[in-house]
Amino acid sequence: MATTNGPARLTVARIAGLDDATVEFEPGVSVVAGRNAADRTPLLWGLAAALGSDEPPFEESADGGRVELAVESEVYTRAFVREGDRVVASGDPYLEDSTTADLFAFLLGSNEARQAVTGDRDLREFVTHSVDTDAVSEEIADLRAERAELDDRIAELSALESERPRLRERRDELDAAVERLEAELADRREALARIEPSAVDPDADARRETDTDAPDAEARADRLRELNAALDDAKFELEAERESLDALDAELDEVESELASCPTDPAGELDDLTDELSESRERKRRLDADITDVQRTLRFNEQFLTSGVSPVAASAGEDGGPDDDDRVVCWTCGTSVPEASIESTLDQLRTLRDDRREERAELTERLERLQERRSELEDQRRRRRDLETRREELRRERAERRARVEDLEARRDDLESGIADLRRDAGTAEADDRAAVLAAHREVNRVEFELERRREERAAVVDDLDSLEAQLDRRADLEARQDGIDDRIGELRGRIERLERAAVSAFNDRMADVLDALEYDRLARFWIERRSDGDSLDDAGATPAGRFVPHIERRTDDGTVYEDVIDHLPTSERELIGLVFAVAGYLVHEVSDEVPFFVLDSVEAIDAKHVRRLLAYVGRDADYVVVGLSGENARGLPDSYRRLRAP
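Cut-offs applied
- Residues numbered from 1 in each chain as written.
- Predicted model: local features only at pLDDT ≥ 70, side-chain atom pairs only at ≥ 80, totals over all residues.
- Heavy atoms only, no water.
- Helix = DSSP H or I, 4+ residues; strand = E, 2+ residues; numbered from the N terminus.
- Buried < 20%, exposed > 50% of the residue type's maximum accessible area, 1.4 Å probe, protein only.
- Contact = heavy atoms within 4.5 Å.
- Areas by Shrake-Rupley, 256 points an atom, 1.4 Å probe, with all protein chains shown as cover.
- Phe/Tyr/Trp six-rings, centres within 6.5 Å; stacked < 30°, edge-to-face > 60°.
- Expected span 1.5 Å × (residues − 1).
- Salt bridge = Lys/Arg side-chain N within 4 Å of Asp/Glu carboxyl O.
- Pairing = 2+ DSSP bridges.
- Axes fitted to C-alpha atoms, helices over the stretch in contact; angles between N-to-C directions.
- Parallel < 35°, antiparallel > 145°, perpendicular 65-115°, else oblique.
- Nonpolar A, V, L, I, M, F, W, Y, C, P; charged D, E, K, R; others polar.
- Patch = residues over 30% accessible without salt bridge, like charges linked within 9 Å, V, L, I, M, F, W, Y side chains within 5 Å.
- Lys, Arg positive; Asp, Glu negative; His and termini not counted.
- Charge placed at Lys NZ, Arg CZ, Asp CG, Glu CD.
- Core = buried A, V, L, I, M, F, W, Y, C linked by side-chain atoms within 4.5 Å.

Participant: Sorry if this is basic, but what is going on with the overall build of the protein here?
Facilitator: Helix and strand counts for the protein stand at 15 helices and 15 strands. Counting all 647 residues of the protein, 40% fall into the buried class. Of all intrachain contacts in the protein linking residues separated by at least 6 positions in sequence, the fraction that spans at least 24 positions is 74%. Of the accessible surface of the protein, which amounts to about 34600 Å², a share of 43% is contributed by carbon and sulfur atoms.

Here it is in structure tokens:
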């Protein structure tokens, strides 16, 4: 803690009805005394604002305010200017970030840490406020995202695994087909060699050239061989085209069938849904704005009701009589009204807020349903358009293949006619022999072509199978990475759990110290239990969920100790419990290292004896302790405490 020795001077202007005031605080305890909270609280709000808080309220009609704090030759200023329905702060406060101080150093009536205990809230965010788990939580979130990707990848591999038996079966079929075709090719070549020696004897053609009768017959034979080879190619291509055409017809039938069962274009319903979504979103935006306005009004009034100060209270200038204890000054009109009337109005506002929230929740669900329906219709539309596009593509391709089939049929007919003419012209046994040779060549060519095609198909299947096997081999690595991620997440969660348990232990120790210092016999013990929900996670999916639950033990006059609940405690003890928790947070989170001031207000329910002990306890850490008290309670404090009269 950086010790500050000199006085501090605070100037406040136009904050919560306080027009202009300047006070000096000496190191130690300063008591801001006043007849009621309206006299004291604006000054304390101004001090908190100069230190960095954004909580100070302003009159509805005020344009803003200004505060200035001089500490150790440094001057910190802030200005607040109204812009529409909000107040914007500017300047250079003592703290750049007052979040921690707002919770544990500025203990005014609306302090969130004090109210968290009395309101039976989960205390996790307060206990772990300074526990640095952000980096750990981010790493857990990243690991969970990576694991989700691994889950998807492994699921994809599991789906791919069903393809492996099919590919292996197809590979085996192709192996058998290749083996069969290789054997058939060997037989065909052997048969060709028997009837055409040149197929195995390169000198046979040279010997035939010495025969004077051979040239014409050889020319006819060559031409016939060419025509037969061309005929074989045409027939093979024709067969392939017909098979492709049959496949196209089958696929086109499937597309036509699916189109027949597919709903028509839902353009009209989509337009209606779009309009309804737009109207619902606009309604939700209006509900959000209404809820924000009501919540702002509730918070504004609850602050005044809790603190007992009104923006117009400072200007009312009326001494309250005995009957005024249950009356407050309405900030809208300045009229003194029963506090119950204000509470009734606030109850109505809370009911209105809850109704709006319920309507918003229903509207949110409706928006989700409408969005799902629109997505469904858009998917239907996309599917229908895809099918229509595919149908047109298939029709075009079918027309092209039909034209190709007609061309091939015409080419086949021409080739067969040419072959027939050659055979008629030959008219000799030699022509018949050549026909046999050409037929043998044709069979060899056919088998060679089929063999090559099967080999290419097998190579493609083997490549697909190898690729699939390589991907499936990675599954073990992916599963090992999953296990590693699970172990790491468990380790990180364990680290967070240890940090949280240490924070709870520190809070419990400090709260025990504070209770001992207060010497409040009725409260035997106050501690926090970290209650885990097992494997469930918080909203971000990073850290284990659970609650930090307060427990209270009370002591009877005869010394009997029993556990009680906060709702059963009298007002003074509830307020005291809230202060014990907030002060423990001030010490555990070492707030005195950030800001030299400890500000306390709204302690009327606690007797002066325990207030004095609390101030003495906190004063060991804080340079400046500033407390707002009524004149009667202030008189119960030591004379060594500096008294400041509220303006």
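Continuing now.
Participant: Can you help me understand the packing of aromatic side chains in this one?
Facilitator: The geometry of an aromatic ring pair is captured by two quantities: the separation of the ring centres and the angle between the planes. With the rule as written, the count across this model stands at seven aromatic pairs. Ring geometry for F126 against F581: centres 6.1 Å apart, planes inclined by 80°, an arrangement best described as edge-to-face. Residue F126 is found in helix α4 (residues 124–127), and its partner F581 is found in helix α13 (residues 571–588); the two are separated by 455 residues along the sequence. On the accessibility criterion, F126 (0% relative accessible area) is buried. Taking the relative accessible area as the measure of exposure, F581 reaches 0% and is therefore buried. When the ring of F507 is compared with that of F581, the centres are 5.2 Å apart and the planes differ by 35°; the resulting orientation is tilted. With F507 in helix α12 (residues 429–518) and F581 in helix α13, this pair connects stretches of sequence that are 74 residues apart. Classification of F507 by relative accessible area gives buried; the value is 0%. Three or more aromatic residues joined by ring pairs make a cluster, and in this case those are F25, F597 and Y624.

Participant: Just to check I follow, could you spell out helix α5 (residues 134–161) for this structure?
Facilitator: Taking 1.5 Å as the rise per residue, α5 with 28 residues should run 40 Å; its terminal C-alpha atoms sit 40 Å apart, in good agreement. Taken together, the buried positions of α5 are occupied by V136, S137, I140, L143, L150, I154 and L157.

Participant: Honestly, the pattern of salt bridges in this entry has me stumped. Any pointers?
Facilitator: Close approach of charged atoms lets side chains of opposite charge pair. If you walk through the whole model with that rule in mind, you get 65 salt bridges. Notably, a salt bridge pairs E469 with R168, separated by 2.8 Å at the nearest N-O pair. With E469 in helix α12 and R168 in helix α6 (residues 163–195), the pair connects residues that are 301 residues apart, well separated along the chain. The partly exposed category is assigned to R168, whose relative accessible area is 36%. Across the pair R373 and E269 runs a salt bridge whose closest N-O atoms are separated by 3.1 Å. Here the residue R373 occupies a position in helix α11 (residues 339–426), and E269 occupies one in helix α9 (residues 267–307), the gap between them amounting to 104 residues. Sharing partners across several salt bridges, the network here consists of R170, E173, E450, R453, R454 and E457.

Participant: Just checking my understanding: could you explain the sheet that holds strand β6 (residues 86–92) for this structure?
Facilitator: Hydrogen bonding along the main chain pairs the strands of a sheet, whether they run parallel or antiparallel. Ordered by their spatial adjacency, five strands build an open sheet running β2-β1-β4-β5-β6, and the pairing between neighbours is antiparallel. Each end of this open sheet is capped by a strand with a single partner; those strands are β2 (18–25) and β6. In this sheet, neighbouring strand axes are inclined to one another by 10° on average, regardless of whether the strands run parallel or antiparallel. Pairing between strand β1 (residues 8–15) and strand β4 (residues 64–71): six bridges, direction antiparallel. Among the inter-strand pairings, R9 is bridged to a residue of β4, identified as A70.

Participant: Teacher, can you tell me more about the packing of α13 against helix α14 (residues 608–618) here?
Facilitator: When two helices pack together, their arrangement is given by the angle between the helix axes and the distance between those axes. The N-to-C vectors of α13 and α14 enclose an angle of 10°; their axes lie 12 Å apart at closest approach. Considering the angle they form, α13 stands roughly parallel to α14. Judged by residue contacts, L579, V583, Y586 and L587 of α13 engage L614, Y617 and V618 from α14. A per-class count over the contact of α13 with α14 returns seven nonpolar, no polar and no charged.

Participant: Would you take a moment to explain the environment of D521 for this structure?
Facilitator: Looking at the secondary structure, you find D521 in the loop between α12 and β10 (523–537). Between the alpha carbons of D521 and D557 there is a distance of 9.0 Å; along the sequence they are 36 residues apart.

Participant: Hey, could you run me through the pairing of β2 in this one?
Facilitator: Walk down a regular strand and you will see the side chains alternate between the two sheet faces. For β1 and β2, the ladder comprises seven bridges, and the chain directions are antiparallel. Bridge pairing in β2 places A8 opposite F25. Between β1 and β2, which pair antiparallel and follow one another directly, the connecting turn spans two residues, one of which, A16, has a positive phi of 50°.

Participant: Hey, could you run me through a negative patch on the surface in this one?
Facilitator: Residues D92, E96, D97, E590, D593 and E594 make up a contiguous surface patch of negative charge. One can find E96 in the loop between β6 and α2 (99–104). On the accessibility criterion, E96 (85% relative accessible area) is exposed.

Participant: Just checking my understanding: could you explain the sheet that holds strand β13 (residues 597–600) for this structure?
Facilitator: One open sheet holds the five strands; their spatial order is β7-β13-β14-β3-β15, and the pairing between them is parallel. Strands at the two margins of the open sheet, each flanked by one partner only, are β7 (106–107) and β15 (642–645). α14 rests against β3 (28–34), β13 and β14 (624–630) of the sheet, and its axis sits at about 165° to β14.

Participant: What is the right way to look at the nonpolar core in this model?
Facilitator: Nonpolar side chains tend toward joint burial in soluble globular proteins. Judged by nonpolar contacts, the single largest core of 89 residues is most densely connected at F581 and F597. Here this core gets ten residues from one element, more than from any other, and that element is α13. The contact partners of F597, leaving out residues within four places of it in the chain, are A8, F25, L47, L51, L69, V71, A105, Y624 and V626. With 17 residues, the next largest nonpolar core counts V136, L465, L478 and L492 among its residues.

Participant: Would you take a moment to explain the side chain of S30 for this structure?
Facilitator: Along the chain, S30 turns up in strand β3. Residue classification places S30 among the buried residues on the basis of a relative accessible area of 1%. Beyond its immediate sequence surroundings of up to four residues, S30 is in contact with F25, V625, V626, V627, R642 and L644.

Participant: What exactly am I supposed to notice about unusual backbone geometry here?
Facilitator: When glycine is set aside, most residues are seen to have a negative phi, and most peptide bonds are trans. Positive phi is not limited to glycine here, since E72 has a value of about 50°. Examined against the element boundaries, E72 turns out to sit in the loop between β4 and β5 (74–83). The partly exposed category is assigned to E72, whose relative accessible area is 42%. The phi dihedral of E590 falls on the positive side, at around 50°, and the residue is not glycine. With respect to the secondary-structure elements, E590 resides in the loop between α13 and β13.

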